[in-house]
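Each chain is listed here by its residues.
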Amino acid sequence: SSSSNENEGNENAGEKIELVMGHPFSGQHPISTAILEPFAEALKEESSGRITLTIIPAAAITSAASVYEDVIAGSFDIGWTLQGYTAGRYPLTEVVELPFIVNSATEGSVALWRLLEQSPDLQEEYSEVKVLSFWVTDPGEVMSKKLVQKPEDMSGMRVRFAGPMQEKMLTKLGAVPVGMAAPDMYDNLERGIIDGIAIGSSTIESYRLHEVITHATEGLHMFVSPQVLFLNKDKWDSLSVEDQDLISKLSGEYMAEKAGEVYNHGLDTGFELALDGGVEIYEVPDDVKTQWDSILAPIVEEWTSSNPKYKTAYDLMVQIVDDLR
Amino acid sequence: MSNMSPELIGVLGIILLLLLLAFRIPVGIGMIAVSLLGYSLIVSPEGALAKLGADAFVNAKSYTLSVIPLFVLMGMVLSHANLGGELYQLFDVLLGRVRGGMAMATLGASALFSAVSGSAVATASTIASVSVDEMRKYKYDEGLAAGCAAVGGTLGILIPPSSTLVIYGALTEETIGGLLIAGIIPGIMTTIMLMLTVSITLKFKPHLAPVVARKKTKMTWGLLKTVWAIPTIFLISMGGIYMGWFTPTEAGAVGTFLSFAAAIAMKRLTWKAFSGAMIQATRITAMTFLIMVGGKMFGTFLSISRIPIYLTTMLTTMDVTPFLVIMAIFAIYLVMGAFMDAMAILVIMTPIVYPIVITLGYDGVWFGVMTVIMLLIALLTPPVGVVSLVVASITKVAPAKVFKAVIPFWFTLIAAGILVTLFPDIVLFLPSLMK
Amino acid sequence: MQKISMTINRIASYISATIMFILTIWTVLDVAGRYLLNKPVRGTYEITELALVLIVFFGLGYAQHRDDHVVIDLLYTKFPKKLRFIVYEFGIILSIVISILMTWRLYLYGIRMQSGNYVTSVLSIPLYPVVIFAVIGSICFLLSLISSLFTFNKSEGEDE
Ligand code: NA
Ligand code: NA
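The following paragraphs examine the structure supplied in this document. Fair warning: this is a prediction, and the values are worked out from it, not measured in the lab.

**Observations concerning the overall build of chain A**
- Within chain A, the secondary structure is distributed over 13 helices and 11 strands.
- The C-alpha radius of gyration computed for chain A amounts to 21 Å, which stays within 12% of the reference 20 Å derived for 325 residues, consistent with globular compactness.
- With respect to the three principal axes, the spread of C-alpha positions in chain A is 70 × 45 × 30 Å.
- Looking at the 325 residues of chain A, the share that counts as buried comes to 60%.
- Surface exposure of chain A reaches about 12,300 Å², of which carbon and sulfur atoms provide 47%.
- Taken as two groups, the 23 positive and 53 negative side-chain charges of chain A have centres that lie 3 Å from each other.

In structure tokens:
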């Protein structure tokens, strides 16, 4: 880097570190403003200005399909993505997406981080990078242009999904899963190319979904979507132990919990916005919820039986969640 | 990596790119080369090369880009089916009695053909090949005749479908459907303004176009038997986007399918026309892709050089009115338009200017249409005025005559740009109704 | 050299055109299925994306043979012929360098796709074979560029 000369002769100041982060999400995304920007500020402050993090959002230097590969190749240092964007790449992480395994964004976020700490198999899945943090979205519900109460109502509906696990669920429910990037949801809903979305209500605000949906079904809790924040491994290894400790302190489980809270908060404001926007919200009563669950339940068994490693991870995850509750 | 600041590397990269382009390096290749070099210096050679592999694949695997071959094919099939001739005659019948009627008919036919053709060159060559000889017969000035065909052709990228708007959308992540629909009203407005320009020009220079009295009214019904296909295909495919029946890609496929069906029904689709249209569409798609990869990589290089951030901060602290900034951008595009191809300007300038425009509070869809209007001028302006040159070569009119005839229209297009800036609703009205 | 490259790339462009035609029909059927039977074809979105990769990479070489590049001719046409020759060859050589890098890096990217087990999300189609097709198309493009080294006269509008 260009500016290390200035600090010569001042041992304590250490080396200046300039980190660049790229991601495919909007710069106004709640995680961007509530987690990443504060993270950059805290890094700068606690390193007395030595560590700077420049965040370049909105796919300006990367894309959802390539952010992970870009960071591994060293095209920039830090990446943030939704694992569901690249099917097949993170099979074991899908454990957190299984139906009913976690109850909320905070629970899922912390649990997934602890799973990483405890599961060598999951560590293996991310062995090419230094994972800074994991978090998950608030639980997925159905946002639609028609009333959805029972699972039968999903039959033949064109529903947007992200990631293979959600695709499996929608297929089980008899819906027609349609893959598309999140920014296209608004347009495609509005123009009837899809009839609904399976997603957490926190996205209502970011994508102005309340303007284009007429109904929301609350309480299904079908899945959560994991996201990951990661750093180039060589870059990580090049950092001093103190700097590594600082970064770890500001990310990891601490960040996971905070990010989970962002989504929890988004969940509430999302439904409030929807109500204000005239969206009819159907709260699923327990007996109806059982009908949904019984259709989705086989997915757990199918998933865990497909690979012994999956079974191990699943059992470990269940135990971690139990400890959390 | 390097001792130079990223910003300086960015500026040097832009200069190097312009130099390479001046030496006739293909635009896509030049942008990839400069981005690789600049990215290597700012980050690392390995990081730069890895991006090349990923970007080449990811940009080809793009649902957005899939619109382009279909839009190209749609117009190409109708052009190969010789529908241009009847389209022109129809407008000629409608406008024949007015002074300059045949010139206006050229513009009208171009506008309507634009509604099924995604490219300016395809539109211009389709209409030029049928209209200019007609006008020659009736003693029109051949510069005016060819000039109208060239100007009319540029409407091909303003009135949807438009591959230029699709590329803008792919570069900026703006909604493609919204961008396409946004082009309709400015397209119609510009067509009318261009027709008025003909009529005003002829007030001052009546000798350019004699009044011709002809007896053609009875032909109208015969013409309608074939000409109906174009507005119908437009209404179904672009109307389908507007109504929410299709995504733009689906609209392109449906439009192409209908074009094939119409051409077959009229017994005008020869094997040669069919395969010619198909192969040409693959060539255009491949080259567009190379430019897209270059454009994306160049955008990435600029972002990492922090030039857009730097420019944006500078402009917002300078406290100039947004309108002035837009007019300054307009002026820069005009100057570049003289020397560079429209596509090159689009992919080079959009990553630099788009963040500024957004920061100033302008709408991204609006700026897409504004960009196209600025590019229309570039397509016409000498010395590098692709559409003027294509029309000159098809019609065997001297390029200098075409360029000269285009001058009055040039002012009209500038006026259209200013109007659109002062009244953004001209652009945003239709997309806002989609919501 | 030129003949071989031309033949290969013409075949590639036919493949490209055929895929484009199939894609058109497929998309129309998908739309029809959606409205008439409420049964869209599963995975059309990703099929479109993968098809486009093939259309693009198999179309590149023939487009190069037909000299379809967007170039800026302004200064070039004013140069003396000797300088034009140098500039022409420089452009081709730079293009060759870029396309070698692109081919190589696409191949490495393909290996990453394979080892990372990347697939499409609805139909679970592995991505790496598609990348390998892109590599093949990229090699065809390279071939056409190499043969363009010898076509300066043709680019000048002269017969060889
Ligand atoms: Na058009
Ligand atoms: Na020009």
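**Structural notes on helix 17 (residues 322–339) of chain B**
- Taking 1.5 Å per residue, 18 residues should reach 26 Å; helix 17 of chain B reaches 26 Å between its end C-alpha atoms and fits that length.
- Where helix 17 of chain B is buried, its residues touch helix 16 (307–318), helix 18 (342–359), helix 19 (364–380) and helix 21 (399–422) of chain B.

**Remarks on the interface of chain C and chain B**
- Between chain C and chain B, the contact holds 57 residues from the first and 58 residues from the second.
- Approximately 5,200 Å² of surface area, both sides summed, lies buried where chain C meets chain B, with 80% of it carried by carbon and sulfur atoms.
- Three residues, V70(C), I72(C) and R105(C), lead the burial of chain C against chain B; their summed loss comes to 14% of the area buried on that side.
- If you look at where chain C meets chain B, you find 2 salt bridges.

**A few points about the side chain of S147(C)**
- In this structure, S147(C) sits in helix 4 (residues 128–148).
- Aside from chain neighbours lying at most four places away, what touches S147(C) is M1(C), Q2(C), S5(C) and H65(C).

**Side note on the packing of helix 9 (residues 163–172) of chain B against helix 15 (residues 271–305) of chain B**
Residue and element names in this part refer to chain B.
- The interhelical angle for the contact between helix 9 and helix 15, taken along N-to-C directions, is 30 degrees, at an axis separation of 11 Å. What the angle tells us is that helix 9 and helix 15 run roughly parallel. Seen along the crossing, helix 9 lies across helix 15 with a hand that is right-handed. Residues I167, A170 and L171 of helix 9 form the contact with helix 15, whose own contacting residues are T288, M292, G295 and K296.
- Class assignment for the residues of the contact of helix 9 with helix 15 results in 4 nonpolar, 2 polar and 1 charged.

**Here we look at the sheet that holds strand 5 (residues 141–144) of chain A**
Residue and element names in this part refer to chain A.
- Read from one edge of the open sheet, 6 strands run 7-6-8-5-9-11, paired in mixed fashion. Across the chains shown, the open sheet's two edge strands, defined by having one partner strand only, are strand 7 (176–179) and strand 11 (280–283). If you compare each strand with its neighbour and ignore which way they point, the axes differ by 25 degrees on average.
- Two strands pair when backbone bridges link them, and strand 5 and strand 8 (residues 196–199) are joined in this way by 4 bridges, in the antiparallel orientation. Each residue of the ladder has a partner; that of V142, found in strand 8, is A198.
- Contacting strand 5, strand 9 (215–218) and strand 11, helix 10 (residues 252–276) crosses the sheet at an angle of about 130 degrees to strand 11.

**Section: the interface of chain A and chain C**
- Contact residues are listed per partner, giving 19 residues for chain A and 15 residues for chain C.
- Carbon and sulfur atoms supply 48% of the area buried between chain A and chain C, which totals about 1,500 Å² over both sides.
- The largest share of the area that chain A buries against chain C comes from E69(A), A87(A) and R158(A), three residues that together contribute 31% of it.
- The interface formed by chain A and chain C contains 2 salt bridges.
- One salt bridge in this structure joins R112(C) and E69(A), with 2.5 Å as the shortest N-O distance.
- Where chain A meets chain C, there are 4 residue pairs in polar contact (both at pLDDT 80 or more).
- Counting residues per element, the ones that place at least two in the side of chain A that touches chain C are helix 2 (67–73), strand 6 (158–161), helix 5 (164–172) and strand 7 of chain A.
- With 3 residues, helix 2 of chain A is the largest single contributor of residues to the side of chain A that touches chain C.

**A look at the pattern of salt bridges**
- This structure, assessed with the given rule, holds 22 salt bridges over all chains.
- A salt bridge links E302(A) to K172(A), with the nearest nitrogen and oxygen atoms 3.0 Å apart. You can see E302(A) sitting in helix 12 (residues 298–305) and its partner K172(A) sitting in helix 5, a full 130 residues away along the chain.
- Salt-bridge contacts for R136(B) lead to D133(B); the nearest nitrogen and oxygen are separated by 2.8 Å. Taken together, the positions of R136(B) and D133(B), both in helix 7 (residues 120–137) and 3 residues apart, correspond to about one turn of that helix.
- You can call R136(B) partly exposed: its relative accessible area is 26%.

**Here's the deal with the packing of aromatic side chains**
- Throughout the structure, instances matching the rule amount to 26 aromatic pairs over all chains.
- The side chain of K130(A) reaches across the aromatic face of W236(A), ending 4.6 Å from its centre.
- The lysine or arginine in question, R105(C), covers the ring of W104(C), its NZ or CZ lying 4.4 Å from the ring centre.

**A few points about the nonpolar core**
- Judged by nonpolar contacts, the single largest core of 282 residues is most densely connected at Y126(A), M154(A), M222(A), W366(B), F367(B) and F57(C).
- Among the elements that line this core, the one with the most residues is helix 15 of chain B, at 17 residues.
- In this structure, M222(A) is in contact with E97(A), L98(A), P99(A), F100(A), G140(A), E141(A), V142(A), M169(A), L173(A), A198(A), W292(A) and L296(A), ignoring residues within four places of it in sequence.
- Counting 30 residues, the second-largest nonpolar core is a separate cluster that includes A40(A), L43(A), L82(A) and L246(A).

**Describing empty space enclosed by the protein**
All names here are of chain A.
- The tally for this structure, following the rule as stated, stands at 5 cavities of 30 Å³ or more.
- Quantified by volume, the largest cavity comes out at close to 240 Å³.
- Lining the largest cavity are 22 residues, and of these L82, T137, I199, T203 and Q227 lie nearest its centre.
- A class-by-class count of the residues in the lining of the largest cavity yields 11 nonpolar, 9 polar and 2 charged.
- Of the voids in this model, the second largest cavity is the one considered here, and its volume is about 60 Å³.
- Split into classes, the residues belonging to the lining of the second largest cavity amount to 3 nonpolar, 5 polar and 3 charged.

**What about the layout of surface pockets?**
- Put simply, the second largest pocket is a space of about 1,400 Å³.
- V121(B), D341(B), V386(B), D68(C) and V70(C) are, among the 46 residues lining the second largest pocket, the residues nearest its centre.
- Broken down by element, the lining of the second largest pocket gets its largest block of residues, 6 residues, from helix 15 of chain B.
- In the lining of the second largest pocket, the residues fall into 25 nonpolar, 13 polar and 8 charged.

**Overview of the coordination of the sodium ion (ligand 1)**
Residues and elements named next belong to chain B.
- On the protein side, the sodium ion (ligand 1) has S114 (O), S117 (O), G156 (O), I159 (O) and P161 (O) as donor atoms, found 2.2 to 2.3 Å from it.
- The sequence motif formed by the donor residues of the sodium ion (ligand 1) is S-x2-S-x38-G-x2-I-x1-P. Here G156 matches P161 in class, with each residue buried.

Basis of the calculations
- Residues numbered from 1 in each chain as written.
- Chains lettered and ligands numbered in written order.
- Predicted model: local features only at pLDDT ≥ 70, side-chain atom pairs only at ≥ 80, totals over all residues.
- Heavy atoms only, no water.
- Helix = DSSP H or I, 4+ residues; strand = E, 2+ residues; numbered from the N terminus.
- Rg over C-alpha atoms; globule rule 2.2 N^0.38 Å.
- Buried < 20%, exposed > 50% of the residue type's maximum accessible area, 1.4 Å probe, protein only.
- Areas by Shrake-Rupley, 256 points an atom, 1.4 Å probe, with all protein chains shown as cover.
- Lys, Arg positive; Asp, Glu negative; His and termini not counted.
- Charge placed at Lys NZ, Arg CZ, Asp CG, Glu CD.
- Expected span 1.5 Å × (residues − 1).
- Contact = heavy atoms within 4.5 Å.
- Buried area = accessible area lost by both parts, 1.4 Å probe.
- Salt bridge = Lys/Arg side-chain N within 4 Å of Asp/Glu carboxyl O.
- Axes fitted to C-alpha atoms, helices over the stretch in contact; angles between N-to-C directions.
- Parallel < 35°, antiparallel > 145°, perpendicular 65-115°, else oblique.
- Left-handed = near helix turned anticlockwise from the far one by under 90°.
- Nonpolar A, V, L, I, M, F, W, Y, C, P; charged D, E, K, R; others polar.
- Pairing = 2+ DSSP bridges.
- Polar contact = N/O pair within 3.5 Å; in protein donor to acceptor, adjacent residues only side chain to side chain.
- Phe/Tyr/Trp six-rings, centres within 6.5 Å; stacked < 30°, edge-to-face > 60°.
- Lys NZ or Arg CZ within 6 Å of the ring centre and 35° of its normal.
- Core = buried A, V, L, I, M, F, W, Y, C linked by side-chain atoms within 4.5 Å.
- 1 Å grid on protein atoms, 1.4 Å probe; cavity = no way out; pocket = protein on both sides within 12 Å on 5 of 7 lines; lining within 4 Å.
- Points joined across faces, edges and corners; volume = space filled by probe spheres on them.
- Donors = N, O, S within 2.8 Å, 3.2 Å for Na, K, Ca; no water.

So yeah, pure geometry; function would need other evidence.
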